[in-house]
Amino acid sequence: MSTIQRTLLLPVTLALGCPQGGDVATQGDPSTTGDAAASTATGTDVPTTGVSGPGPTSSGTGDTGDTGDTGEPPGEPSGNALDQNALFTCDDRPALPPADLRLIDRQEWTRSVGTWSGTDLANNPLYPRASHRYSTYSDDEALDPSVLSLYLDVVGGSGTSWTIGKWDVGRVRTVIEDPECQCFLNDAAPAPECVDYFVRRYLEFGAVYRPVDDEQFAALREFAGSVLAAEAGVESRPATIKRIAAAAWMTAAALHRPELGEGQPDEHGRLRLGDWELAQAIAYALTRSPAGVPSVNRTYEAGFTKGDIDGDLGDLLDAAADGTIKDPEVVATLVRAHFGGLDEERRDLLFEPHDGRWWENQGEYWMATGVRAFFREWLGYGGLADKPEKVEVAKTSGWMGGVVELSYWNLVSGIYGYENTLVTQLDDMIARIVAGDQDVYAQLLTSRMFYTPANDGYQEGESSVSNSTAESPRVYNVAGITPQTREARWKQLPEGERAGVLTHPAWLGAHSLSFENDPNLVHRGKWIREELLCQNIPDLPLNVAAMLTEASREQSARQRISEQIDADPYCNGCHQMMNPLGYPFEIYNHAGFLRVEDHGGPPNGTSVLANMPAPELDGAVTSAVDLSTRLAGSKYAKRCFMRQVFRFFAGREETMHDGCTLVAMETAYDESGGAFSELLIALFNSDSFQYRVPE
């Protein structure tokens with residue numbers, strides 16, 4: 001690392017050496033950040049506990065969740081520790097979100113430097129903290145020395161896209177279509193005003209993505225001059241540009257987006273976000289990238305991604321520049337334009353892995369990258385391919401054979417052929433619901449319209465990879481041949497078999513272990529309790545061996561758990577919060593195949609829900625389809641969904657000071673007939689999103 005690089009890196013290490021965002025609330029129950037047993041599951045693990053804790057109808061009194069930055073004194077409850085009924089009350093408490101400098105994450109950095117998933121630059125080390133409930137949380141995010149060391153391995157390529165020629169793949173419109181940049185690219189001795197323009201252009205449309213002050217500009221301009229002076233000739237200009245870009249991307253201004261507020265404090269000591277702060281906060285929330293992010297030519301045939309010479313999200317840039325970003329109607333227009341919709345060309349996929357042979361097989365509906373990330377993280381299905389390998393994936397279903405097994409595994413990995421994975425198939429299902437933007441919460445839990453894989457052209461004699469593709473639709477219990485058209489892939493599955501995202505193979509597989517009679521129901525029930533009812537499960541005590549007996553290996557999961565867990569008062573104290581919610585999913589096996597038998601008996605998804613947090617949830621259910629329908633009609637569960645939306649898009653846990661915002665979100669949703677866009681509009685226009693409390 002050169003002396004100038006070390007000098008420019010110093011502000012980063014100073015700015016990032018301690019947690020951002022002020023006081024950090026006390027960390028509590030780690031079970032809220034993931035399944036306590038899943039990370040070390042052996043196929044027989046059960047998250048069993050005998051300690052006392054808040055019951056199904058109790059909110060608890062301490063902070064037992066992953067709190068995020070709340071702006072409250074340390075120890076103040078937030079997230080799942082709160083009483084939900086009290087939370088949805090608008091009183092005189094003002095929203096008090098903390099001021100913050102948000103470190104951008106690896107995906108945001110990848111897009112900001114003008115590249116896409118799957119490139120070397122996408123393998124940067126700016127991972128979100130694993131302990132955070134959502135990747136958008138910023139508390140305790142910092143570049144420690146180990147991350148800085150890895151970052152230095154990739155930052156040298158941050159300016160690569162700005163060096164790519166006019167006709168080459170990977171070029172960005174921001175530079176090749178800007179006539180004012182051409183002198184810097186081509187002149188042996190560019191004039192001072194040419195260098196000035198290029199440096200400012202790179203800072204504002206290639207690194208910082210907001211107007212820069214004189215000090216920021218002068219520092220990089222001085223460095224650019226020194227690099228040009230040492231240049232051997234214009235043929236070295238690409239290397240010069242890369243050095244300038246790397247210097248810019250080693251400053252705190254590029255690696256952070258400020259949410260500090262401007263002007264004078266109001267009566268609550270809060271500052272309102274500035275125009276550029278607010279515009280970029282909305283841009284990152286919706287798209288996981290800044291307004292002005294480059295329009296890139298991913299492949300010559302596909303053309304450019306969305307945007308023009310000044311990048312994508314130009315309407316957000318305009319609203320920041322003219323100050324209209326604080327007009328609620330302008331915010332509403334921006335959200336409706338960018339949250340999702342119908343696009344036969346699917347231009348959004350140009351930043352995704354693979355190429356057009358895969359992209360054309362996805363559905364015609366799209367979600368903004370941030371919206372998609374929310375659903376993947378909330379539902380927890382995005383990491384399906386990283387789960388422990390499943391054994392005998394079709395066992396107890398109506399399907400059998402090696403081709404069925406291999407076809408399922410190919411839907412997880414996506415290695416062979418050009419059909420998309422279970423994860424992207426669930427993306428497509430959700431995107432259609434979001435694009436419809438009516439009764440979204442209920443549709444998520446009840447829709448029978450699934451996007452399924454095609455297997456036409458993948459049969460024996462038709463494809464060299466037929467062994468891994470011919471039986472792809474079977475995991476959905478779809479027989480026969482599905483043509484390779486979008487219309488054919490969309491299927492309304494039979495009533496009683498599937499209903500909504502909780503019955504999708506991607507969700508079912510993501511919340512299960514390796515065998516069909518493992519305690520998968522515990523994992524699925526735990527998710528519902530924590531993520532759809534917003535209640536905590538006490539952590540697993542260290543003195544408990546969470547194991548089912550090997551002697552019970554030939555029994556069904558229902559029998560194993562009912563005999564070993566439900567019948568044990570020590571275990572059932574906590575498992576009564578999970579198991580009744582998990583039993584309905586026993587109509588499916590661990591991989592999400594519909595069962596036709598279960599260890600010599602018929603599939604049994606019956607359960608009795610008692611002492612639920614709302615009376616409409618109590619009573620007997622017959623299956624996961626029945627349970628999903630009940631959850632879809634529950635005001636209590638719908639409110640938990642709204643809290644999850646708040647958490648992800650606000651980037652923190654909610655507190656009692658956010659009650660008015662949550663009431664506004666609920667009102668907007670209900671009055672619009674259940675529009676997801678209205679949830680976002682109400683949040684982005686709220687004090688919880690637009691104000692900050694300085695440290």
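Residues numbered from 1 in each chain as written. Predicted model: local features only at pLDDT ≥ 70, side-chain atom pairs only at ≥ 80, totals over all residues. Heavy atoms only, no water.

Student: Can you walk me through the packing of helix H21 (residues 520-532) against helix H26 (residues 635-650) in this structure?
Tutor: To describe two helices that pack against each other, one gives the angle between their axes and the distance between the axes. The N-to-C vectors of H21 and H26 enclose an angle of 75°; their axes lie 9 Å apart at closest approach. Relative to H26, the element H21 lies roughly perpendicular. Here H21 contributes Glu530, Glu531 and Leu532 to the contact with H26, which in turn contributes Ala637, Cys640 and Gln644. Considering only residue class, the contact of H21 with H26 consists of three nonpolar, one polar and two charged. (Axes fitted to C-alpha atoms, helices over the stretch in contact; angles between N-to-C directions. Helix = DSSP H or I, 4+ residues; strand = E, 2+ residues; numbered from the N terminus. Parallel < 35°, antiparallel > 145°, perpendicular 65-115°, else oblique. Contact = heavy atoms within 4.5 Å. Nonpolar A, V, L, I, M, F, W, Y, C, P; charged D, E, K, R; others polar.)

Student: Explanation requested: the pattern of salt bridges in the structure shown.
Tutor: Pairing between side chains of opposite charge can happen when the charged atoms of each approach one another. The tally for this structure, following the rule as stated, stands at 40 salt bridges. Across the pair glutamate 419 and arginine 489 runs a salt bridge whose closest N-O atoms are separated by 2.7 Å. Pair noted here: glutamate 419 is in the loop between helix H16 (402-413) and helix H17 (422-436) and arginine 489 is in helix H19 (residues 486-489), with a separation of 70 residues, a long-range link. The salt bridge partner of glutamate 530 is lysine 526, with a shortest N-O separation of 3.1 Å. (Salt bridge = Lys/Arg side-chain N within 4 Å of Asp/Glu carboxyl O.)

Student: How should the environment of arginine 558 be read in this particular structure?
Tutor: Take arginine 558: it is sitting in helix H22 (residues 557-566). With a relative accessible area of 18%, arginine 558 lands in the buried category. Note: C-alpha distance between arginine 558 and aspartate 598 (40 residues apart in sequence) is 9.4 Å. Of the polar contacts made by the side chain of arginine 558, one reaches the backbone oxygen of threonine 606; its length is 2.7 Å. (Buried < 20%, exposed > 50% of the residue type's maximum accessible area, 1.4 Å probe, protein only. Polar contact = N/O pair within 3.5 Å; in protein donor to acceptor, adjacent residues only side chain to side chain.)

Student: Hey, could you run me through helix H7 (residues 192-207) in this one?
Tutor: It helps to recall that an α-helix has 3.6 residues per turn; residues three or four apart then point in one direction. For H7, built from 16 residues, the straight-helix expectation of 22 Å at 1.5 Å per residue is met to within 8% by its first-to-last C-alpha distance of 21 Å. The first or second residue beyond H7 is tyrosine 209, which carries a positive phi of 60°. (Expected span 1.5 Å × (residues − 1).)

Student: Before we go on, may I ask you to explain the state of the cysteines in this structure?
Tutor: In protein structure, a disulfide is the covalent linkage between the sulfur atoms of two cysteines. With the rule as written, the count across this model stands at three disulfides. The residue that forms a disulfide with cysteine 90 is cysteine 660, at a sulfur-sulfur distance of 2.1 Å. Given an S-S torsion of about 90°, the disulfide between cysteine 90 and cysteine 660 has right-handed geometry. Of the two residues, cysteine 90 is situated in the loop between helix H2 (84-87) and strand E1 (100-103) and cysteine 660 in helix H27 (residues 659-671); the sequence distance between them amounts to 570 residues. On the accessibility criterion, cysteine 90 (49% relative accessible area) is partly exposed. Cysteine 660 gets classed as partly exposed once you look at its relative accessible area, which sits at 25%. Between cysteine 534 and cysteine 640 runs a disulfide, and the two sulfur atoms are separated by 2.0 Å. Torsion about the S-S bond of the cysteine 534 and cysteine 640 cystine: about 85°, corresponding to right-handed handedness. Separated by 106 residues along the polypeptide, cysteine 534 in the loop between H21 and H22 and cysteine 640 in helix H26 bring together distant segments of the chain. (Disulfide = S-S within 2.5 Å.)

Student: So what exactly am I meant to see when it comes to the nonpolar core here?
Tutor: Most often, soluble globular proteins keep nonpolar side chains buried together rather than apart. Counting residues in each nonpolar core, the largest one holds 114 residues, and the members touching the most others are Phe375, Leu502, Leu631, Phe649, Phe676 and Phe684. The element contributing the most residues to this core is H26, with nine residues. Setting aside residues no more than four positions away along its own chain, phenylalanine 676 makes contact with Phe339, Val371, Phe374, Phe375, Val434, Asp437, Val440, Phe641, Val645, Phe649 and Tyr669. (Core = buried A, V, L, I, M, F, W, Y, C linked by side-chain atoms within 4.5 Å.)

All we've got here are geometric facts, nothing functional implied.
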